[in-house]
Structure formats: C-alpha cells, structure tokens
Amino acid sequence: MVAITLPDGSVREYDGAVSGADIAASIGPGLAKAAVIVKIDGVARDLAHLVDCDAAVEIVTRDSDAGLALLRHDCAHVLAQAVQELFPGTQITFGPAIEDGFYYDFHRKEPFSPDDFAAIEERMAQIVDRDETIIREVWTRADATRFFEEAGETFKAEHVAGLPDGVEITLYRQGDWIDLCTGPHLPSTGRLGKSFKLMKLAGAYWRGDPAKPQLQRVYGTCWRTDKELRAYLHRLEEAEKRDHRRLGREMDLFHIQEEAVGSIFWHPKGWTLYRTCETYMRRRLEAGGYDEVKTPQLIDRGLWERSGHWEKFREHMFTVDDEHDRVLALKPMNCPGHVQIFRQGITSYRDLPIRMAEFGSCHRNEPSGALHGLMRVRAFTQDDAHIFCTEDQIVSETKRFCDLLMSIYRDFGFEDVVVKFSDRPEIRTGEDAVWDRAERALVEATDAAGLPYTLNPGEGAFYGPKLEFVLRDTIGREWQCGTLQVDFVLPERLDASYIGEDGAKHRPVMLHRAILGSFERFIGVLIEHYAGRLPLWLAPVQVVVATITSDGDEYAREVAAACKAASLRIECDLRNEKINYKVREHSLAKVPVILVVGRREADERSVAMRRLGGKKQEIVALDDALARLAAEAAMPG
RNA sequence: GCCGCCGUAGCUCAGGGGUAGAGCGCGCCCUUGGUAAGGGCGAGGUCCACAGUUCAAUUCUGUGCGGCGGCACCA
C-alpha cells in the first residue's frame, strides 16, 4: 500500500506504485487534464514518475505559476526541435523559461532572420499536433558524451563533461528529438497548446562569456491560452506607449542626436522638469544638513592614479591633453574632488559628520551597446554626496540617509522600493574585521530604518558593502536609482584625516550616496512611471488656458496672467481652433489642467476646469481655481 | 564592444535600377465653435555618409556612422 498525502491534508491509498498522472486521474478528470507535473515531497517530477512509498504529493496544474513556467520550458524544447528539423546542422545549447516566455540559444553559422519565424512557428505547431510522447531517460556520462559528440553537439557534450560527479544525467526524448535536460516535462507535446509566439532574435555568449562563441538566441512568449497571449501582446504595446524616449519626443522634453551620442539635448519643457527636480532636491538636502559644493570637470591624471580610478576605471574615462601634454580626465565620479575639499585645512572630530553634496556632472565612456535613452548615458548629473564620518557614526548616518531617501521617493510617487544589500566580494581590499564591522553597521542601520532588504551576496564594491535602492514603477519594472556605499579605502588612498578627541590623526569613513542616482535616469523613470502624466508639481506645463471663441481672448489673457502671478506654469491657447481640437491636443501633450474660458466664464469670472483624463469639467470661480491649483502645485517637502 | 534587424518629409511609415509617396504635423485661407481630430489650398526631401558595380544607384555590393532589441558591461 502506498499512502499519498495531498496538500489539503487528505490521504489516499493505492495498491502499489502509482504515477502522478494516476493520482490526478483518481481525483478527477478535470485535474488529470490540467496536470502538468507533480511535486513529490516538494521535488518536481514528471507525471509519469512512479511513487512507490508514502509521500506528500502536489499535482501542479497549468493554472499555477509553476505550471506556466513548465509550459514555457517545454515550449523552448519544441522550438529547439522545430529548429533542428528545419535547419539541420544547428547545434542546441540551453533554453530556459524566463519572465513572460522563454528563449533558446542555438549555434549555427548562418544567421537566423525574423523571416524564419513563421516557418519555425508552423513547425512548432506541427510538433504539438503530433503529440509526441515525452520520455525521460537516465544515461551514463560516457554514453551521453559519446552520443552528443557523435551528433556533432559540441556544446551539449561540453556541458555533460562539466557536470559534477554523482548527478543523474537525464535526457528527454520527444519523437526523434532528444535533449539533455534535468526536467521535469509535460507528458507529451500536445499538452503544450499553441498560445506561443516567437518574438525576437539576439546574440548571446556561450556561458555568458564574451571570449566564448557567440550564439543566436531566439526569444519567444508562451501562455496557457490565446486570450492570455493576446493580453500579453497588448501589454507590450502599452509599455511601448510609455517608453520615455517616445514620450520625450511627444512631450517635447529632450532629444539625442548622433553628434552627441549618449548626451541629452534638453528642450525648454524637459529642462523645466529637470530644474524642478533639482530645486526640490537642493531644498531637501539643505534641510537634511548637507553642504553643497562644486568641483572641477577636468582633473589631472595624477589624482585619478592616486584614487585608484586610473587603474580600475580607465577605459570608462574621457581624457584630454593640454599644451604641455599633461593628461586631464573628465571626471567620471565626484568622490576624489570632494576629498580635496575635505583635506583643505584641518578637520576636528567635532566637525563630523560632514555631508558634502554636489549636483555632479560626470562623463563616462559607456560601451555603445549600453546606451539607452535617458536611462544609460555618457554625460549625466548625479545627486551625489559624500558623508565623512567616524566609524561609530555609520549607523546613525545610514539610518538618516534611508529616512531621507524614502521620504523623497514618496514625494515623487514611489512607494514600492526594493532594497538590495551587497556584501563583500571575492576581490576586495581591507581586513575582514573591518568588513565585519561595516556590514554589521549597514545591516543594523537598514533594520533601524525599517527597510526590508534582499541579499546580493558578493556584489559589494571592492572597498566596501553597499545598499542599492530599486524603484518599481506602475508596471512592475525595476530601476536602480539610489545607492549607499561604505568606503574605508578612498580616505586612506587620498590621505583624508581628522583630529580625534585624543589629539591624534584618524581616518574618516566615507559614505558614497545618491538618491535619484542621476537626474537623467530618474527623469526617465518618472516619465515611464507616470506614462507622461506627471503630477502637477512636476508637470512642465501645468495649466493651459483655452478659449472657445475669440470673444474670450481678453479674459483668457487675464486668467493666464493671474495663473502666472500664482507661480503656475501656464500656456495660453487663443488659436482659431475648435475647443474639441484644443482639448485633444493638450490632452495628448499630457497637460494636467485645461481651463476653458468662453462667454459664460468671462461674464461670471469663472473657469471650466478639466483634469487630464477626466471626462467632465467643473465650473469654478477664478479665485478658487487659482487657490486650489496653487496649493496642489506646491513643491512637496 | 559582440550578434541580429533597421536608417525615405518634423513624426509614423509605404515604395522601388530611370521626375519621390501617404497620414498626421506645419503655413495660408474659410470657418467663431462649449470639452479628445471642421473644411480647402500650399510648402516641405543630400531617400544616413563614403566607395564600388552600372549608360544610370535613394534602390544592388562593401565599409563607416547612427538607431532598435538582446548579450556583455554598469566602477
């Protein structure tokens, strides 16, 4: 007898060894049909896997997240089979499920083209129609290696050879096609369904290593039903509409052109948004006890050598020569400059902590392939600051920073912040005892700030542990903006010191920190987060006054002047166009408030106030409208 | 940087070895209207750059530059 315990706690007994499929069928035909794999004592297995002793069994259905991930993995296999049937000589490598779909990396001399997708998809559908049974087989390492070598599958052979001793080597067979895989898989290809679509082609390195051969990666998406697939494709279209590069053009915020790749031409409206962010940050930093400074753009190579950047960061630095052949570098970071200010005069322990802030314009020669709109640029401005403090002050300064950061994120409309804690990397400087203290202090401070965090093991900077603050936008994408890094190394390298209570020289600790990260990137995130519909205080044009007929021109000018006097950013639309047209145009331009004025409004000194996205308008007395808008447009903080 | 795709009007895109096309936008005119596109006329192009093939190249080939999507990178 085999006793099977189901997730609801009920126990079923069977005469002998029983498969997951049998168990599902014994519970009900609906479950049998929806079942994709089973979990036996928590371990994922094929439905055909026989359970021969008492166990806890969970039937995983296609409706679950795990079930969907399985479908995607199977879809990758079906893709690989289709490709090998259509393009003999193509080698298979890996093909995992990923968010929203899957990919498979192939090796083939000739490039694939998106034009091949239709034929591949058709063949995939045929493989699903064939309903090939998927069979798990356990092979010896020698057999598997020989098999893949003889098949010309050098990547698979290499992978088998590299598997650790003692692991079970399993191959999955579907029809004539076979792949090395740990599984589990569907019982047959027919269970996959056809709600999949090949999406794009890309290059990828074998084992992620640029020194190794380049593979061709085919991305696909796969869902349970056609309805889900359509919904996903629709979601992609919506995401494209909030792409900051597109909105940047549509809203006339900025542009980039090929004579200045990686740098931003800010247009008046975009620069207004930028300056609003800057003014807000300056205010928050001042209130937060920071002193603002400005340090040189061009600094002699010697300082970068001393700071360690010349060694670690050389290929990202732009340099120029002066007439004495002296090499100057455009600063990629502000820290060495800040240390120079710190070093002027003598600092007492009584002066610490010193919080030195700079809206630091930096240049980094990013690889061309990394550039991406505002998100990844070569010229950017950080809301940078360095806190010079004692080791004892790390906790309180970190907590203080976390509080400021969360408060600022909230003002910008971000509530969902992921904190990642990166601890010591393999290659690092500094004694372990110092790392112990630094990591402990960071953890303690993060806890004190009440921030839950995830661990990023070994991802810290070489000089110290760090916190990364990742914003999640309205459609769930993550953007790393803020950071806090504990640094014991730079004060040493650049010989920063303070006089302690004991009258002796001591090294300060430096906390490198940023909240927005860079203005450019943060504005990109803001645009995408709000899909261009910025809150009133950030909107470059807050109010448009639009007339219905030219009779209203005079009153409209008066309204506009009153708005301006109330410090609202306003445009006045007196054009000879219909009100429908004006409303549509300013709505598409994402202007938050339209004040429509016609005869009636002029007579009663009111405005018809229309909110972006709203269906109705509200007649408000002019003075009330001004008071309300001015209050709403006030900068937070 | 690597792989693939792409580069035609301000924008979105069609076209194709021999006077360059559409919609939107822009300008002018008509229209003075009540909350997401009123009508007419018109202007606007080094078809990314350079080289090659050709009687002839925006179109074909090569190289470069740039964009997009990934990969790698993100100190």
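So, how was this worked out
Every residue gets a number counted from 1 within its own chain, in the order that chain's sequence is written. Starting at A for chains and at 1 for ligands, labels are handed out in the order in which the entities are written. pLDDT decides what is reported in this predicted model: residues at 70 or higher carry local features, side-chain atom pairs at 80 or more are listed and counted, and totals for whole chains, interfaces and linings draw on all residues regardless. Excluded from the side-chain calculations are hydrogens and water; all other atoms, namely the structure's heavy atoms, are used. Helix and strand definitions follow DSSP, with helices as H or I runs of at least four residues and strands as E runs of at least two, each counted in order from the N terminus. Only protein chains enter the accessibility calculation, which uses a 1.4 Å probe; a residue whose area is less than 20% of its type maximum is buried, one above 50% is exposed, and one in between is partly exposed. Two residues qualify as a contact provided that any one of their heavy atoms is within 4.5 Å of a heavy atom in the partner residue. Each accessible area is a Shrake-Rupley result for a 1.4 Å probe, and residues are judged covered by the shown protein chains and nothing else. This count recognises Lys and Arg as positive and Asp and Glu as negative, with His and chain-terminal groups excluded. We put the charge of a Lys on NZ, of an Arg on CZ, of an Asp on CG and of a Glu on CD. A pair of strands is labelled paired if DSSP reports no fewer than 2 bridges between them. Orientation is described by lines fitted to C-alpha atoms, with helices fitted over the stretch in contact, and by angles between N-to-C directions that extend from 0 to 180 degrees. The cutoff for a nearby residue is simple: one of its non-hydrogen atoms must lie within 4 Å of the molecule or strand. For this analysis, a polar contact is any N or O atom pair within 3.5 Å, provided that within protein one partner can donate a hydrogen and the other can accept it, and provided that sequence-adjacent residues contribute only side-chain to side-chain pairs. pLDDT measures how confident the predictor is about each residue, on a scale from 0 to 100. Here, nonpolar core means buried Ala, Val, Leu, Ile, Met, Phe, Trp, Tyr and Cys residues that are tied together by side-chain atoms lying within 4.5 Å of each other. For Phe, Tyr and Trp, where Trp contributes only its six-membered ring, two rings pair if their centres lie within 6.5 Å, and the inter-plane angle classes them as stacked under 30 degrees, edge-to-face over 60, or tilted in between. By convention here, the domain bounds are inherited from an automatic or database domain assignment. An angle counts as roughly parallel when it lies under 35 degrees, as roughly antiparallel when it exceeds 145, as roughly perpendicular when it falls between 65 and 115, and as oblique in every other case. In this scheme the crossing of two helices becomes right-handed for a clockwise turn of the near helix relative to the far one and left-handed for an anticlockwise turn of less than a right angle. An arc is given here, and it is the one of the directions from the helix axis to the C-beta atoms. A side-chain nitrogen of Lys or Arg and a carboxyl oxygen of Asp or Glu constitute a salt bridge if their distance falls within 4 Å.

### Description of the overall build of chain A
Stage number 1. For chain A, the helix and strand inventory stands at 20 helices and 35 strands.
Stage number 2. Projected onto the principal axes, the alpha-carbon positions of chain A cover approximately 85 × 75 × 55 Å.
Stage number 3. When burial is assessed residue by residue, chain A has 50% of its 637 residues classed as buried.
Stage number 4. The contacts in chain A between residues at least 6 apart in sequence include a share of 68% that link residues at least 24 apart.
Stage number 5. If you sum the accessible surface of chain A, you get close to 30300 Å²; carbon and sulfur atoms cover 49% of it.
Stage number 6. With 82 positive and 103 negative side-chain charges, chain A shows a spacing of 4 Å between the two charge centroids.

### Some thoughts on the sheet that holds strand S22 (residues 354–363)
Stage number 1. If you walk across this open sheet you meet the eight strands as S18-S22-S23-S30-S27-S26-S24-S25, and the pairing is mixed. Each of the sheet's edge strands pairs with one partner strand only, and the pair in question is strand S18 (291–292) and strand S25 (453–456).
Stage number 2. As paired elements, S18 and S22 share two bridges and run parallel to each other. Within S22, the residue paired with Asp291 across the bridge is Met356.
Stage number 3. Packed on one face of the sheet, helix H9 (residues 268–287) meets S18, S22, strand S23 (379–389) and strand S30 (509–518) and runs near 160° to S22.
Stage number 4. Packing of helix H13 (residues 394–411) onto the sheet brings it into contact with S22, S23, strand S24 (417–422), strand S26 (466–472), strand S27 (478–487) and S30, and relative to S30 it is tilted by some 5°.

### Some remarks on the protein's contact with RNA strand B
Stage number 1. Looking at RNA strand B, there are 47 residues lining it, with Gln214, Arg364, Ser368, Asn576 and Glu601 nearest.
Stage number 2. The share of sugar and phosphate among atoms of RNA strand B within 4 Å of the protein is 50%.
Stage number 3. Contact distances for RNA strand B include 2.8 Å between a base oxygen and a side-chain N or O atom of Arg376.
Stage number 4. Arg610 is positioned with one of its side-chain polar atoms (N or O) 2.5 Å from a sugar or linking oxygen of RNA strand B.
Stage number 5. Going through the elements one at a time, strand S14 (196–205), strand S15 (214–222), helix H8 (244–250), helix H18 (579–588), helix H19 (599–604) and strand S34 (606–611) are the ones with two or more residues in the surface near RNA strand B.
Stage number 6. Looking at the surface near RNA strand B, the element that brings in the most residues is H18, giving seven residues.

### Topic: the confidence of the model for chain A
Stage number 1. Scored by pLDDT, chain A comes out at a mean of 92, with 100% of its residues at no less than 70.
Stage number 2. Across the interfaces of the predicted complex, the ipTM metric reaches 0.93, alongside a pTM of 0.91.

### Side note on the nonpolar core
Stage number 1. Membership of the largest hydrophobic core comes to 63 residues, with the highest contact counts inside it found for Met281, Tyr409, Phe412, Phe469, Ile515, Phe522 and Leu526.
Stage number 2. It is H13 that contributes the most residues to this core, eight residues altogether.
Stage number 3. Beyond its immediate chain neighbours, meaning those up to four positions away, Met281 contacts Phe359, Asp383, Ile408, Phe412, Ile515, Leu516 and Phe519.
Stage number 4. Ranked by size, the runner-up nonpolar core spans 37 residues in total, among them Ile37, Tyr104, Trp177 and Cys181.

### Focus: the packing of aromatic side chains
Stage number 1. The final tally for this structure, using the stated rule, is 23 aromatic pairs.
Stage number 2. Ring geometry for Phe401 and Phe469: centres 5.9 Å apart, planes at 70°, overall edge-to-face. Within this pair, whereas Phe401 is found in helix H13, its partner Phe469 is found in strand S26, the two being separated by 68 residues in sequence.
Stage number 3. Its relative accessible area of 1% is what places Phe401 among the buried residues.

### Comments concerning unusual backbone geometry
Keep in mind that most residues, glycine aside, have a negative phi and that most peptide bonds are trans.
Stage number 1. The omega torsion across Gly183 and Pro184 is -5°, close enough to zero to call that bond cis.
Stage number 2. The phi torsion at Asp100 lies on the positive side, around 70°, for a residue other than glycine.
Stage number 3. By the element assignment, Asp100 lies in the loop between strand S9 (97–98) and strand S10 (101–107).
Stage number 4. Relative accessible area serves as the criterion here: at 19%, Asp100 is assigned to the buried category.

### What about the side chain of Thr547?
Stage number 1. Tracing the sequence through the fold places Thr547 in strand S31 (residues 543–547).
Stage number 2. Residue Thr547 is classed as buried on the basis of its relative accessible area, which comes to 1%.

### Observations concerning the environment of Lys156
Stage number 1. The topology assignment puts Lys156 in helix H6 (residues 154–162).
Stage number 2. Sequence separation of Lys156 and Ile92 is 64 residues, and the distance between their C-alpha atoms is 7.2 Å.
Stage number 3. Those residues in contact with Lys156 that sit more than four places away from it in its chain are Ile92, Thr93, Tyr104, Phe148, Asp179 and Leu180.

### A few points about the domain arrangement of chain A
Stage number 1. Its domain assignment divides chain A into domain 1 (2–61), domain 2 (66–238), domain 3 (254–529) and domain 4 (543–632).
Stage number 2. Relative placement of domain 1 and domain 4: their C-alpha centres are 66 Å apart.

### Here we look at the packing of helix H3 (residues 65–86) against helix H4 (residues 117–130)
Stage number 1. Relative to each other, H3 and H4 sit at 115°, their axes nearing to 9 Å. Of the possible angle classes, the one that applies to H3 and H4 is roughly perpendicular. Handedness of the crossing formed by H3 with H4: right-handed. Only Ala119, Ile120, Arg123, Met124, Ile127 and Arg130 of H4 make contact with H3, whose side of the interface consists of Cys75, Val78, Leu79, Gln81, Ala82, Val83, Glu85 and Leu86.

### Section: the environment of Ile527
Stage number 1. Structurally, Ile527 can be placed in helix H16 (residues 519–529).
Stage number 2. By relative accessible area, which is 0% here, Ile527 ends up buried.
Stage number 3. Between the C-alpha atoms of Ile527 and Gly248, which are 279 residues apart in sequence, the distance is 8.1 Å.
Stage number 4. The residues touching Ile527, leaving out its near neighbours within four places in the chain, are His244, Leu247, Leu253, Phe254, Leu374 and Gly532.

### Considering H18
Stage number 1. Here H18 has its buried residues at Lys582, Val583, His586 and Ser587. The buried residues of H18 occupy an angular sector of 125° when the element is viewed end-on, so they sit on one face. Opposite the buried face of H18, by more than 90 degrees, sit the exposed residues Asn580 and Arg584.
Stage number 2. Summarising the contacts, the buried residues of H18 are in contact with S31, strand S32 (570–573), strand S33 (593–597) and S34.
Stage number 3. After H18 finishes, the residue Lys590 shows a positive phi value of roughly 65°.

### What about the pattern of salt bridges?
Stage number 1. For the coordinates displayed, the defined rule picks out 42 salt bridges.
Stage number 2. Salt-bridge contacts for Glu571 lead to Lys269; the nearest nitrogen and oxygen are separated by 3.7 Å. Taken together, the residues Glu571 in strand S32 and Lys269 in helix H9 connect sequence positions 302 residues apart.
Stage number 3. When its relative accessible area of 25% is taken as the criterion, Lys269 is described as partly exposed.
Stage number 4. Across the salt bridge formed by Lys466 and Glu468, the nearest N and O atoms sit 3.5 Å from each other.
Stage number 5. Given a relative accessible area of 16%, Lys466 falls into the buried group.
Stage number 6. We classify Glu468 as buried; its relative accessible area is 14%.
Stage number 7. A single salt-bridge network, built from bridges that share partners, covers Glu85, Arg123, Arg130 and Glu132.

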